[in-house]
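The residues making up each chain are set out below.
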Amino acid sequence: MAAPLTLLVILSVTIRAVLYRSSLAEVISERVEVVSPLTAWKRVVEGLALLDLGVSPYSGDVFHETPLIIYLFHFVVDYAEITFMLADVITAVALYMAVMDYNKQVFRKQKYALEADRYPLDCLELIRSPKEMYYIPLKVAMFYLLNPFTILSCVAKSTCGLNNAVIALFILTTIKGNVLLSAIFLSLATYQSIYPLTLCAPALLYLMQRQFIPVNFRRVSFWWFIAQYAFMYLGSLFVIVGLSFFLLGSWDYVPSVYGFILSVPDLTPNIGLFWYFFAEMFEHFRLFFLCVFQINVFFYTIPLSIKLKEHPVFLIFMQLAVISIFKSYPTVGDIALYMAFLPVWSHLHRFLRNIFLVSCVLLACSALFPVLWHLWIYAGSANSNFYYAITLLFNVAQILLVSDYFYAFLRREHHLSYGLYLKRKDGSEATLVLK
Amino acid sequence: MGLLSDPNRRRALISLLTRLNSPICVVCYMAGVAWFMGLAFEPFTLRTYMSENAMGSTMVEERFPAGERALTTGREFSAHKKKAGGMPVDWLVKTMQARGLEVFTQRFSRKLPFPDENKERYMVKGTNVYGILRAPRAPRTEALVLSAPCTPGDSNNQAVGLLLGLAQYFRNQIYWAKDIIFLVNEHDLIGMQAWLEGYHHTNTTGMDWSPLQGRGGSIQAALSLELSSDVITSMDLVLEGLNGQLPNLDLANLFYAFCQKIGVLCTIQGKLQRNDWDSVSGYSHSVQTMMLMVMKQASGRPWGDHGLFLRYHIEAASIKGINSFRQYKTDVTTIGRLLEGMYRKLNNLLERLHQSYFFYLMPSLSHFVSIGYYMPAFGLLAVILLLRALDLWVQLATPPPRTEDGITDKEQVSSPGVLSVLTPLVISHLTGVALYTLPIQFQEMAVEQFPVSETEAVVLTAIGVYTAGLALPHNTHRLLSGEGTEQGWRVLKLVAVLYLAVLLGCTALINFSLGFILALTLVPVAAFVTPHVPKVLSAFILVILSPACTLLFSVFFFQELQELPVSFQEGWLLYLSVISQGILDHFLYGSLVYPLIALLVYPCWLLFWNILFWK
């Protein structure tokens, strides 16, 4: 399996290298869909220039990345392209290994369940075969590396790629069961963009499942594990934050990075839901709706963790999707990360209902973004409503996609416990309806 | 959401859509065409009205008196033009200075990618002369432009004369709140391009020009004047700009309002407006007018010197004086008053023209069809593609019932599926790239090898590559992946149909007319092509409905609409020149039609060609 992966990596690096050399790179790095005020490479360069001049990079409201990123690029700015390509490759390889490990566990669990005769007889066609699962890790890596969204993001040198790499490493270490590294990478991801904080719920669930600690609020072992994890998480977060402080010698970065993420002062159009809403809103409602919008991102963690208690990896996927849809400055790079997980759930395809509609809409929207942007900004004949309409449609399609996978996942689980061909009480064929 | 989540209703809907797919598609197509034809019917259109407050209610009195003197200046200009054998720069500078303007010149030069045979130019060198009348009433942050082209021969002398006359008259008025720039541009659009690029400090087409020495404020609106006779019978308004972009409808309204007020006959597409909308001839007249607009817009080329302003967010139109055999004549003084009135209203603008529509079609000067009315016509055509895609999706999702070992069979099918879809996609796009690059690259070689001129070489290479593309793809893919499977073509067709839908949708948003015409011809192709239809007949239909043939028909149709029918021989020559003009437009001004057709539409059409010869 290593050979195809190597080939894939070489291919994707070649594509990126070619695009870096072409005139497209400049166009792409200006696209609002690809770079946000947080992740734009132009702003990083500006921050670096300020740092070299001995000024705080956060003065002037241009640079909003974290201090670690700027110190990273302080050393490797000449190799920025290689860094970004490397980040993508790391993400892909980490996801590849994580999914491989996860699949092994799924298969083992399925074997035990089969041996224990826990599945109803007519569910045999739902059982996953090793042949079908063999190529999934490779497909995951392929979905990440060859996804146009990832390529665009990498060519634009959006720092989103680095965040994705950190999250992928977090997923890998979690699935491998390494508590300490998982906590460290989670704190790094949180440090980068706050929102991955919600991933602690699936991580905890997964690690506890792996160590056979029951999720029970009355058990001491449960609380003890949470305390351990929280200690490691907060400890590493403290170290990172402290390190940033000592590097810069000031707390400038806290309002400039986290305040910027949470209070959304920059209303440059992007593929998210925030900009138009907050541009249109009366100023005195702003705080209220800001709270509503931000809580929205975090809120889904609770119901989803309760529902998907047994399936933390699927929960990770759901959380990543929710974050990338509802975060304040989403870019296509964020979408690429959760889309990489789609092959893992390929066994759910028979239960998906709207996949055709949703993929058509996503495809059409991706093509319409630049067109409507052109009409709005360059031709002046359309206006922001046109662009926002597409943004809205794009996000609705994403939500439909995610909820479709959610439904399909639950339905498969339901069938696995109650049989594939459900009967009504009177003996006629029953259908499952989501209401 | 009930429809999406309730499986029973979904199943009913999907089975309805798949069972009645073909009838629904036919009905949609007819409805789309009927809707489009209905757009020209007057009760379905809206009357134009002035949306911009700043131009609507204010009263303006026009007093321009000096038509005769303007004509004299025009004659003088003509004499100096003849003497100088081109733009009489010194004379113009002197004359403009005498009229109290700040005068500047700009030199430019451009080597065309290949000789332009219509206008007989290859190495273009010229000078633009412009004078700025500084606004006495306001900070000089905004400007208006009045331009007249300096064309070789005897045309447009009166336009320059009137421009100078207006400059002199405007100079003595104190109410100007915007700078007025009087521009005389040489080599029509090339000069205009140089001047606009110089004014905005951009260089998008790699042209050489000297930087502008003087500037006014940001340009709010521009008019380009074309006038070749001392008296005229009517004024014609030209709106279509680069890539089918149109100025704000208020500019057309302004022109129409003043023509009404001053009593000048006004036309659009050279067609007078008629009142008998309920008669057949009246309806066909407005269809004709609208179709002319559609054809012009679809061509994506600027139809007057104003066409390039639109790219810079400047509302602009060309006004042409037409002298026909009609009895009733208008003199230059009246045209001067018309322009004076328009400029005074534009002078009152507080912000850019943005109130009225940017997307519209005009069946007559007093009526328009807005985007909300014409988009359904396109939507009905586009929905056919989606229905076909849905049908294919359902066919792909339900495996054929007769195979017992369905699962293993399907897996065998799906693995070559990716390759058999990817190969035609890549090959047809490479053909498209060849169509885009080869004509320009190979012109020198072609000229050496064959007895043709450069322009002919370019056009014939383009046609050659286009035709060669028909033979290429389906052979190669069969070599690579063996006999095409039933599943394979379905997947390919699904991809191609969705590709076409997205492509046409995007095109229609930017340039409705182009998108609609392409949809009119490509949608039937996309809908009916399968490997199982009769080969020869279908291949013939496919070729007839291909983009190149669409262009050929459009040329004849356009001539027919203009009431200048041509024989086949002439039509063919015209067709060749249209292709060369299209390529030139792309390289000179950045028109997008040629790359769109070559890089996207043609490869997409090739995919359908490929499907026909799948087996």
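Residues numbered from 1 in each chain as written. Chains lettered and ligands numbered in written order. Predicted model: local features only at pLDDT ≥ 70, side-chain atom pairs only at ≥ 80, totals over all residues. Heavy atoms only, no water.

## Considerations on the overall build of chain B
Logical step 1: Helix and strand counts for chain B stand at 21 helices and 14 strands.
Logical step 2: Relative to its length of 615 residues, chain B is compact, with a C-alpha radius of gyration of 28 Å against a globular reference of 25 Å.
Logical step 3: Counting only C-alpha atoms, chain B reaches 95 × 60 × 45 Å along its principal axes.
Logical step 4: In chain B, buried positions account for 57% of the 615 residues.
Logical step 5: Within chain B, counting contacts between residues at least 6 apart in sequence, those at least 24 apart form 81% of the total. (Helix = DSSP H or I, 4+ residues; strand = E, 2+ residues; numbered from the N terminus. Rg over C-alpha atoms; globule rule 2.2 N^0.38 Å. Buried < 20%, exposed > 50% of the residue type's maximum accessible area, 1.4 Å probe, protein only. Contact = heavy atoms within 4.5 Å.)

## Observations concerning the overall build of chain A
Logical step 1: Of the regular secondary structure elements, chain A holds 20 helices and zero strands.
Logical step 2: A compact globule built from 435 residues would reach a C-alpha radius of gyration of about 22 Å, and chain A, at 23 Å, matches this within 12%.
Logical step 3: Along the first, second and third principal axes, the C-alpha set of chain A runs to 75 × 55 × 55 Å.
Logical step 4: When the 435 residues of chain A are sorted by exposure, 54% land in the buried category.
Logical step 5: Counted over contacts in chain A with a minimum sequence separation of 6, partners at least 24 positions apart contribute 76%.
Logical step 6: Summing over all exposed atoms, chain A offers an accessible surface of approximately 19600 Å²; the carbon and sulfur share of this is 69%. (Areas by Shrake-Rupley, 256 points an atom, 1.4 Å probe, with all protein chains shown as cover.)

## Here we look at the interface of chain B and chain A
Interfaces are often sized by the amount of accessible area the parts lose when they come together.
Logical step 1: The interface is formed by 22 residues belonging to chain B together with 28 residues belonging to chain A.
Logical step 2: For the pair chain B and chain A, the summed buried area comes to about 2000 Å², and 73% of that belongs to carbon and sulfur atoms.
Logical step 3: For the pair chain B and chain A, the number of links is zero salt bridges.
Logical step 4: Taken together, chain B and chain A are joined by one residue pair in polar contact (both at pLDDT 80 or more). (Buried area = accessible area lost by both parts, 1.4 Å probe. Salt bridge = Lys/Arg side-chain N within 4 Å of Asp/Glu carboxyl O. Polar contact = N/O pair within 3.5 Å; in protein donor to acceptor, adjacent residues only side chain to side chain.)

## Focus on helix H20 (residues 568-589) of chain B
Logical step 1: With 22 residues, H20(B) ought to run about 32 Å at 1.5 Å a step, and its terminal C-alpha atoms sit 30 Å apart, in line with that.
Logical step 2: A positive phi of about 85 degrees marks B:Gly590, the residue just after H20(B). (Expected span 1.5 Å × (residues − 1).)

## Quick look at empty space enclosed by the protein
Residues and elements named next belong to chain B.
Logical step 1: A complete count under the given rule lists six cavities of 30 Å³ or more for this structure.
Logical step 2: Taken as a whole, the largest cavity spans an internal volume of roughly 160 Å³.
Logical step 3: Lining the largest cavity are 19 residues; nearest its centre among them are Glu42, Arg274, Ser286, Pro363 and Ser364.
Logical step 4: Listing elements by their share of the lining of the largest cavity, those giving two or more residues are helix H10 (280-299) and strand E13 (360-364).
Logical step 5: In terms of residue count, the dominant contributor to the lining of the largest cavity is H10 (five residues). (1 Å grid on protein atoms, 1.4 Å probe; cavity = no way out; pocket = protein on both sides within 12 Å on 5 of 7 lines; lining within 4 Å. Points joined across faces, edges and corners; volume = space filled by probe spheres on them.)

## Observations regarding helix H16 (residues 486-510) of chain B
Logical step 1: With 25 residues, H16(B) ought to run about 36 Å at 1.5 Å a step, and its terminal C-alpha atoms sit 37 Å apart, in line with that.
Logical step 2: Of all 25 residues in H16(B), 20 are buried, a share of seventy percent or more.

## Examining the nonpolar core
Logical step 1: Ranked by internal contacts, the top residues of the largest apolar core, which has 350 residues, are A:Trp345, B:Phe182 and B:Trp195.
Logical step 2: Discounting residues that sit within four places of it in the chain, A:Trp345 has contacts with A:Tyr102, A:Val313, A:Phe314, A:Phe317, A:Tyr405 and A:Phe409. (Core = buried A, V, L, I, M, F, W, Y, C linked by side-chain atoms within 4.5 Å.)

## A word on the packing of helix H5 (residues 80-115) of chain A against helix H9 (residues 160-176) of chain A
Residues and elements named next belong to chain A.
Logical step 1: Two elements in contact, H5 and H9, have axes whose closest approach is 8 Å; the angle formed by their N-to-C orientations is 25 degrees. Taken together, the axis directions place H5 and H9 in an arrangement best described as roughly parallel. Seen along the crossing, H5 lies across H9 with a hand that is left-handed.
Logical step 2: Residues that form the contact of H5 with H9 fall into these classes: 15 nonpolar, five polar and three charged. (Axes fitted to C-alpha atoms, helices over the stretch in contact; angles between N-to-C directions. Parallel < 35°, antiparallel > 145°, perpendicular 65-115°, else oblique. Left-handed = near helix turned anticlockwise from the far one by under 90°. Nonpolar A, V, L, I, M, F, W, Y, C, P; charged D, E, K, R; others polar.)

## Let's talk about the UniProt feature "transmembrane region" (unreviewed entry) in chain B
Residue and element names in this part refer to chain B.
Logical step 1: Taken from the UniProt record, the annotation "transmembrane region" (unreviewed entry) applies to residues 20-41, 371-390, 418-436, 496-529, 536-558 and 592-614.
Logical step 2: Across residues 20-41 one finds 82% helix and 0% strand; the C-alpha atoms that close the span lie 31 Å apart.
Logical step 3: Within the segment residues 536-558, helix and strand shares are 91% and 0% respectively, and the terminal C-alpha atoms sit 30 Å apart. (UniProt positions renumbered as here; feature names shortened; annotations may be inferred.)

## Here's the deal with a positive patch on the surface
Residues and elements named next belong to chain A.
Logical step 1: A cluster of like positive charges, contributed by Lys104, Arg108, Lys111 and Arg210, occupies part of the molecular surface.
Logical step 2: The dominant element in the positive patch, judged by the number of residues it contributes, is H5, at three residues.
Logical step 3: Look at arginine 108 and you get partly exposed, because its relative accessible area is 42%. (Patch = residues over 30% accessible without salt bridge, like charges linked within 9 Å, V, L, I, M, F, W, Y side chains within 5 Å. Lys, Arg positive; Asp, Glu negative; His and termini not counted. Charge placed at Lys NZ, Arg CZ, Asp CG, Glu CD.)

## A short note on the packing of aromatic side chains
Logical step 1: Considering all chains together, one arrives at 71 aromatic pairs over all chains under this definition.
Logical step 2: With 5.6 Å between their ring centres and 15 degrees between their planes, A:Tyr300 and A:Phe326 make a pair best called stacked. With A:Tyr300 in the loop between helix H15 (286-299) and helix H16 (301-307) and A:Phe326 in helix H17 (residues 312-326), the pair connects residues that are 26 residues apart, well separated along the chain.
Logical step 3: The class for A:Phe326 is buried, based on a relative accessible area of 14%.
Logical step 4: Ring geometry for B:Phe512 versus B:Phe516: centroids 5.6 Å apart, planes at 25 degrees, classification stacked. With B:Phe512 and B:Phe516 both in helix H17 (residues 512-528) and four residues apart, the pair spans about one turn of that helix. You'll find B:Phe512 and B:Phe516 in the same group, each marked buried.
Logical step 5: Taken together, the ring pairs connect A:Tyr102, A:Phe314, A:Phe317, A:Tyr338, A:Phe341, A:Trp345, A:Tyr405 and A:Phe409 into an aromatic cluster.
Logical step 6: Positioned over the ring face of A:Tyr407 is A:Arg353, at 3.8 Å from the centre of the ring.
Logical step 7: Positioned over the ring face of B:Tyr199 is B:Arg215, at 5.9 Å from the centre of the ring. (Phe/Tyr/Trp six-rings, centres within 6.5 Å; stacked < 30°, edge-to-face > 60°. Lys NZ or Arg CZ within 6 Å of the ring centre and 35° of its normal.)

## As for the environment of B:Ala66
All names here are of chain B.
Logical step 1: You can see alanine 66 is positioned in the loop between helix H4 (53-56) and helix H5 (67-84).
Logical step 2: Given a relative accessible area of 18%, alanine 66 falls into the buried group.
Logical step 3: Taking C-alpha positions, alanine 66 is 49 Å from valine 458, a pair spaced 392 residues apart along the chain.

## Regarding a nonpolar patch on the surface
Residue and element names in this part refer to chain A.
Logical step 1: Taken together, Ile295, Phe299, Tyr300, Ile302 and Ile306 make up a surface patch of nonpolar side chains, about 520 Å² in accessible area.
Logical step 2: At the level of elements, H15 and H16 are the ones that each hand at least two residues to the nonpolar patch.
Logical step 3: Position of phenylalanine 299 relative to the elements: it lies in helix H15.

## Thoughts on the confidence of the model for chain A
Logical step 1: When the pLDDT values of chain A are averaged, the result is 89; 97% of them are 70 or greater.
Logical step 2: The least confident element of chain A, judged by mean pLDDT, is helix H6 (residues 130-134) of chain A at 85; the most confident is H9(A) at 94. (pLDDT = per-residue confidence, 0-100.)

## Considerations on the sheet that holds strand E11 (residues 315-322) of chain B
Logical step 1: Strand order in this open sheet of nine strands is E6-E2-E3-E5-E4-E7-E11-E9-E10 (chain B), and the pairing throughout is mixed. Each edge of the open sheet carries a strand with a single partner, namely strand E6 (208-209) and strand E10 (265-268) of chain B. (Pairing = 2+ DSSP bridges.)

## Let's talk about the packing of helix H10 (residues 179-193) of chain A against helix H13 (residues 253-263) of chain A
If you want to describe how two helices pack, look at the angle between their axes and the distance between the axes.
Residues and elements named next belong to chain A.
Logical step 1: Where H10 meets H13, the axes come as close as 8 Å, and the angle between the chain directions of the two elements is 85 degrees. Accordingly, the angle class assigned to the pair H10 and H13 is roughly perpendicular. Mapping the contact onto sequence places Thr190, Tyr191, Gln192 and Ser193 in H10 and Tyr253, Tyr258 and Ile261 in H13.
Logical step 2: For the contact of H10 with H13, the residue count by class is four nonpolar, three polar and no charged.

## Re the pattern of salt bridges
Two side chains carrying opposite charge are able to pair once their charged atoms lie near each other.
All names here are of chain B.
Logical step 1: Enumeration according to the criterion identifies 22 salt bridges over all chains in this entry.
Logical step 2: Between lysine 178 and glutamate 142 there is a salt bridge whose closest N-O contact spans 3.0 Å. Within this pair, whereas lysine 178 is found in the loop between helix H7 (157-171) and strand E5 (179-186), its partner glutamate 142 is found in strand E4 (residues 142-150), the two being separated by 36 residues in sequence.
Logical step 3: Relative accessible area serves as the criterion here: at 2%, lysine 178 is assigned to the buried category.
Logical step 4: A salt bridge links aspartate 276 to arginine 274; the shortest N-O distance between them is 3.0 Å.
Logical step 5: Given the relative accessible area of 26%, aspartate 276 is considered partly exposed.

## Quick look at the sheet that holds strand E14 (residues 367-370) of chain B
Residues and elements named next belong to chain B.
Logical step 1: With antiparallel pairing, three strands are arranged side by side in an open sheet as E1-E14-E13. Single-partner strands in this sheet number two, and they are strand E1 (46-47) and E13.
Logical step 2: Two elements, E1 and E14, share two bridges in a ladder whose sense is antiparallel. Paired with leucine 46 across the strands is phenylalanine 368, a residue of E14.

## A word on unusual backbone geometry
Excluding glycine, most residues fall at negative phi; most peptide bonds, likewise, are trans.
Residue and element names in this part refer to chain A.
Logical step 1: The residue lysine 157 is not glycine, and still its phi comes out positive at about 55 degrees.
Logical step 2: Structurally, lysine 157 is set in the loop between helix H8 (148-155) and H9.
Logical step 3: In this model, phenylalanine 212 sits at a positive phi of 55 degrees, which is unusual for a non-glycine residue.
Logical step 4: Exposure remark for phenylalanine 212: the relative accessible area of 74% places this residue in the exposed category.

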